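Take a look at the letters that make up each chain.
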Amino acid sequence: MKFSDPCKSEASPRVRVEVWLEAGREGRCFSYSADATLELEPGDLVRVSLRGRPMHGLVVSRSELNELGSDPLQEVEALLQKAAVAPDWRQWLDHVAERCHLSSFRMLKAALPVGWLGQARSRTVQSGRLMWWVSPGKPGPDAPEPTPRQRQVLSLLDNHGSGLWQRSLEQQGVSAGLLRALEQKGLIQRERRRRTPEETLSPGSGEADLESPRSLTEEQQKVMDQFAALPSGGGFLLWGVTGSGKTEIYLQLAEKELAAGRHVLMLTPEIGLIPQLVDRCRRRFGARVLEYHSGCRDRERLQVWRRCLDSAQPLLVVGTRSAIFMPLDPLGMVVLDEEHDSSYKQESPMPCYHARDLALDRARRCGARVLLGSATPSLDTWVQLQPDGPLQLGRLTQRISQQALPPVHVIDMRHELAEGHRRLISRPLMERLAALPEKGEQAVVLVPRRGYSPFLGCRSCGEVVMCPHCDVPLTVHRGSGGREWLRCHWCDHRDEVGNRCGHCGSTAFKPFGAGTQRVLELLAQELEDLRLLRFDRDSTGGRDGHRRLLDRFAGGEADVLIGTQMLAKGMDLPRVTLAAVLAADGLLHRPDLRASEQAMQLLLQLAGRAGRGERPGQVLVQTYNPDHPVIRHLVDGRYESFLKEEVELRREAALVPFSRACLLRLSGESASATATAASVLAERIRPICQERSWWLLGPAPAPVARVAGRSRWQLLLHGPVDSALPLPPGSTLWDELPRGVALSVDPDPMEL
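The model shown is predicted, which means the values in this text are computed figures rather than measured ones.

### Concerning the overall build of the protein chain
Helices and strands together make up the secondary structure of the protein chain, namely 22 helices and 32 strands. In terms of overall size, the protein chain behaves like a compact globule, its C-alpha atoms giving a radius of gyration of 29 Å where 752 residues would be expected to give roughly 27 Å. Projected onto its principal axes, the C-alpha coordinates of the protein chain cover approximately 95 × 65 × 55 Å. With 97 positive and 93 negative side-chain charges, the protein chain shows a separation of 3 Å between the mean positions of the two kinds.

Printed below as a string of structure tokens:
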């Protein structure tokens, strides 16, 4: 019994079950009576009533019901999902909760799709149609011999692995009577399953239209052989230059896992990369490919989650970091593409986790293998390579197209300024862009900020217009009709653009700096023949916004794509021969431990967008600091040398990853109450820090001290590598907080 089954008559034997419901901060268990024929077990998802409200809850225990001398218990109304939470998966999740300093209930609530635990919604769990699923039977030695026509049906089932929908068989000329005869002989099995709307193709159907694997280069085949020799539970870093065919390796390794009956999980750091990867996977594997990320509707995520629980065939799930919790069993392989990307780290809300760390931990526990792919591996992954760590290394040094990596040319903006050219876009870049239409080529231009201008300021007194709810300047945006407005990129507050300074009354009030909108406007004015598109969060709204815009660019609707850091992430655009960076200095001088590493990764990734097709590429970088180490390594292309230098710098200073860090963030509407709570918290954990040789820095205001009207403070803990966090167990820290002050614990934060 898989789905909602009504309770039986009152005469049926009954049992007592404890059901975990969302009640209070950590959830609570309540006792209910259930029909014994429902065969409820721990991990089942049920619908009950709590104070008159329908709720979805998790069965945690079952026992005999003693009705003598006790008040009657409320009834379990329905079984929604059998084995919704498997014991092994739950055990792993409890371990994750412990390392994230979170309760088991809140961890479970965060991992499960919205709508499974908590107040019941209409049609959230029940969806799809019940249909007949036909699979090969297990006939005994005395089973009657099938007829020639029956053999044809059995052969058809064998060719499609685990089975087919009865409707698909009927469409191929197999009658219902023939199937009943086979079922009576024990040669097939039929069961009612819920077919979700996503299953537009029956599993295994349409295989004649699927794309065949591509031929591999010697380097690719060597990597395939290396990964094949990787033991269960192991991790593998695939370091391949941009355009070297990493995705084809992912697909061919996934094919081997699916053929062996194991599921595959393929993660990307951004929703914007999902469409391209899903399209490639579906061309290869058809209806076995599912997607799971925050861009999907709640109902769609529930359907995908259920299909993973109930699937009789191996699946390939493509998603972002939250997909690491998908209930795939047996899990054969987890792929993290662009593994260096900081978007794999969840910083808010809790649980604060890194998908790479959870993938490696989950693989060790269930015997899967992890493939980390990148053209610019993170330093945290690099230091885990053998012989110092558990990860094996595979290299791809050549592009599939046999084109050389594009040369990087640095444009010294100091010389441009000295020669009287004061514009945002240098003369060499302008000349190169002007030549694109004639050559039939395309370019991508990276602008660090979205919007029209980063802030609005007064030239008379220096006043900058700030968000009234956050300690950040308001960004200037401009609409297609020329109307301007101010917007906060932290809390989304919006305001009109004034013509006088609110501080001194001066009319010398103008936008400063340039975002993607202003760069597009400048290029449109200077180069009228260029066709331009903008690619940032503001221009890619909607579920398929990324796919639609990239399809337009790939289809030749524009010569130049102007965008933010999204441009550098994994896009394959063969006609792009030029990659340009405006204002690279803003990337180099951030006050963060990983600023140089992340700037180097971003610039190398952007450079990799050029020259992926038949024509050679070129990279132009505008900067006022051409002697910066990141720029020097970018020009010579020696990323490994950069990593080695960065490793030595951090090792000598005992910085991450040669130590551990933890960030405690507090926020509240009252600035004084939040500051006081931070001080009390510091004194509470200071003795534990001293006992375990951890440093306690702070409390101090957060870099952005106010967001959405809430004051923010933080404490930074710094201690020995691989040591436990110096925090009291359980919910002690939260129990001692004053009303109105929130606390989050971020182990191993990305921003330091």
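### Looking at helix H19 (residues 629–636)
When we look at burial in H19, the residues that qualify are Val-630, Ile-631, His-633 and Leu-634. Projection of H19 onto a plane perpendicular to its axis shows the buried side chains occupying an angular sector of 165 degrees, all on one side. Packed against the buried residues of H19 are strand S18 (408–412), helix H17 (585–588), helix H18 (595–607), strand S28 (618–623) and helix H20 (639–653). Following H19 by one or two positions, Gly-637 has its phi on the positive side, about 70 degrees.

### Comments concerning the nonpolar core
Within the largest apolar cluster, 114 residues are counted, with the highest numbers of intra-cluster contacts made by Trp-89, Leu-265, Phe-325, Met-326, Leu-664 and Ile-685. Broken down by element, this core gets its largest block of residues, 7 residues, from H18. Listed in part, the 26 residues of the second largest apolar core include Ile-249, Leu-253, Leu-258 and Leu-316.

### Brief notes about the packing of helix H7 (residues 246–259) against helix H8 (residues 274–285)
Two elements in contact, H7 and H8, have axes whose closest approach is 11 Å; the angle formed by their N-to-C orientations is 45 degrees. On the basis of the axis angle, H7 is oblique to H8. With respect to the hand of their crossing, H7 and H8 are arranged in right-handed fashion. Two secondary-structure elements touch here, H7 through Thr-247, Glu-248, Leu-251, Gln-252, Ala-254, Glu-255 and Leu-258 and H8 through Leu-277, Arg-280, Cys-281, Arg-284 and Phe-285. Each residue belonging to the contact of H7 with H8 can be placed in one class, and the counts come to 6 nonpolar, 2 polar and 4 charged.

### Remarks on helix H3 (residues 148–159)
End to end, H3 covers 17 Å across 12 residues, agreeing with the expected 16 Å (1.5 Å per residue, within 8%). Residues of H3 that are buried include every one of Gln-150, Val-153, Leu-154, Leu-156 and Leu-157, and no others. Buried residues in H3, looked at end-on, bunch into an arc of 155 degrees, giving them a common side. Seen from the open side of H3, the exposed residues pointing more than 90 degrees away from its buried face are Pro-148, Asp-158 and Asn-159.

### Structural notes on the packing of aromatic side chains
Summed over all chains, the structure comprises 9 aromatic pairs. Relative to Trp-382, the ring of Trp-239 lies with its centre 5.4 Å away and its plane at 90 degrees, an arrangement referred to as edge-to-face. One end of the pair, Trp-239, is in strand S11 (residues 235–240); the other, Trp-382, is in helix H11 (residues 379–382), and 143 residues separate them in sequence. Look at Trp-382 and you get buried, because its relative accessible area is 14%. Three or more aromatic residues joined by ring pairs make a cluster, and in this case those are Trp-239, Trp-382, Tyr-639 and Phe-642. Directly above the ring of Trp-132 sits Arg-190, whose terminal nitrogen or CZ lies 4.2 Å from the centroid.

### Some remarks on the sheet that holds strand S17 (residues 392–396)
Across the sheet, 7 strands lie side by side as S13-S14-S12-S15-S16-S11-S17; this open sheet has parallel pairing. The outermost strands of the open sheet, each flanked by one partner alone, are strand S13 (289–292) and S17. Recorded for the sheet is a direction-independent mean angle of 20 degrees between the axes of neighbouring strands. Inspection of the sheet shows strand S12 (residues 263–267) paired to strand S15 (residues 331–337) by 5 bridges, in the parallel sense. Bridge pairing in S15 places His-263 opposite Leu-331. Most of the contacts of helix H9 (residues 298–310) go to S13, to which it runs at about 130 degrees, and overall it touches S13 and strand S14 (316–319).

### A word on the environment of Arg-47
Mapped onto the fold, Arg-47 is located in strand S4 (residues 45–50). Sequence separation between Arg-47 and Glu-77 is 30 residues, and the spatial gap between their C-alpha atoms is 5.5 Å. What Arg-47 contacts, discounting residues up to four positions off in sequence, is Met-55, His-56, Val-76, Glu-77, Ala-78 and Leu-80.

### Thoughts on the sheet that holds strand S21 (residues 475–478)
If you walk across this open sheet you meet the 3 strands as S21-S22-S23, and the pairing is antiparallel. With one partner strand each, in any of the chains shown, S21 and strand S23 (494–496) form the two edges of the open sheet. Across the sheet, the mean angle separating the axes of adjacent strands is 35 degrees when strand polarity is ignored.

### Observations concerning unusual backbone geometry
Backbone geometry follows two general trends: most residues other than glycine have a negative phi, and most peptide bonds adopt the trans configuration. A cis amide bond links Ser-348 to the next residue, Pro-349, at an omega of -5 degrees. Mapping Pro-349 onto the fold places it in the loop between S15 and helix H10 (355–366). In the segment running from Gly-698 into Pro-699, the intervening peptide bond is cis, with an omega of 15 degrees. With respect to the secondary-structure elements, Pro-699 resides in strand S30 (residues 695–707). The phi torsion at Asp-748 lies on the positive side, around 55 degrees, for a residue other than glycine. In this fold, Asp-748 is placed in the segment after strand S32 (741–747).

### Things to note about the packing of helix H6 (residues 218–228) against H7
In contact at an axis separation of 11 Å, H6 and H7 are set at 40 degrees when each is read in the N-to-C sense. It follows from the interaxial angle that H6 and H7 lie oblique. Here H6 and H7 pass one another in a crossing that is right-handed. Of the residues in H7, those touching H6 at Gln-220, Val-223, Met-224 and Phe-227 are Glu-248, Ile-249, Gln-252, Leu-253 and Lys-256. Of the residues belonging to the contact of H6 with H7, the class tally is 5 nonpolar, 2 polar and 2 charged.

### Focus: the side chain of Gln-166
As for its position among the elements, Gln-166 is in helix H4 (residues 166–171). Beyond its immediate sequence surroundings of up to four residues, Gln-166 is in contact with Trp-132, Val-134, Ala-176, Leu-179 and Arg-190.

### Structural notes on the side chain of Thr-674
Tracing the backbone through its elements, the reader meets Thr-674 in helix H21 (residues 671–691). Assessed through its relative accessible area of 0%, Thr-674 is described here as buried. Here the side chain of Thr-674 touches Gly-668 through a polar contact of 3.3 Å, landing on its backbone nitrogen. The contacts of Thr-674, once residues within four sequence positions are left out, are Leu-666, Ser-667, Gly-668, Ser-711, Trp-713 and Val-741.

### Quick look at the confidence of the model for the protein chain
Residues with a pLDDT of 70 or more make up 91% of the protein chain, whose mean pLDDT is 84. Every residue in residues 1–10 is under pLDDT 50, and counting partners more than four places away or in other chains gives 33 contacts. Counting interchain partners and residues more than four positions distant, the pLDDT-below-50 stretch residues 200–206 has 15 contacts.

### What to know about the pairing of S15
When you tally the buried positions in S15, you get 7 out of 7 residues, the bulk of the element. Summarising the sheet, S15 and strand S16 (residues 369–374) pair through 5 bridges and their orientation is parallel. From the neighbouring strand, Val-334 faces S16, where its bridge partner is Val-370. Between S15 and its parallel partner S16, the chain crosses via H10, and the hand of that crossover is right-handed.

Rules of the game
Residues numbered from 1 in each chain as written. Predicted model: local features only at pLDDT ≥ 70, side-chain atom pairs only at ≥ 80, totals over all residues. Heavy atoms only, no water. Helix = DSSP H or I, 4+ residues; strand = E, 2+ residues; numbered from the N terminus. Rg over C-alpha atoms; globule rule 2.2 N^0.38 Å. Lys, Arg positive; Asp, Glu negative; His and termini not counted. Charge placed at Lys NZ, Arg CZ, Asp CG, Glu CD. Buried < 20%, exposed > 50% of the residue type's maximum accessible area, 1.4 Å probe, protein only. Arc of directions from axis to C-beta. Contact = heavy atoms within 4.5 Å. Core = buried A, V, L, I, M, F, W, Y, C linked by side-chain atoms within 4.5 Å. Axes fitted to C-alpha atoms, helices over the stretch in contact; angles between N-to-C directions. Parallel < 35°, antiparallel > 145°, perpendicular 65-115°, else oblique. Left-handed = near helix turned anticlockwise from the far one by under 90°. Nonpolar A, V, L, I, M, F, W, Y, C, P; charged D, E, K, R; others polar. Expected span 1.5 Å × (residues − 1). Phe/Tyr/Trp six-rings, centres within 6.5 Å; stacked < 30°, edge-to-face > 60°. Lys NZ or Arg CZ within 6 Å of the ring centre and 35° of its normal. Pairing = 2+ DSSP bridges. Polar contact = N/O pair within 3.5 Å; in protein donor to acceptor, adjacent residues only side chain to side chain. pLDDT = per-residue confidence, 0-100. Right-handed = clockwise from strand over helix to strand, strands pointing away.

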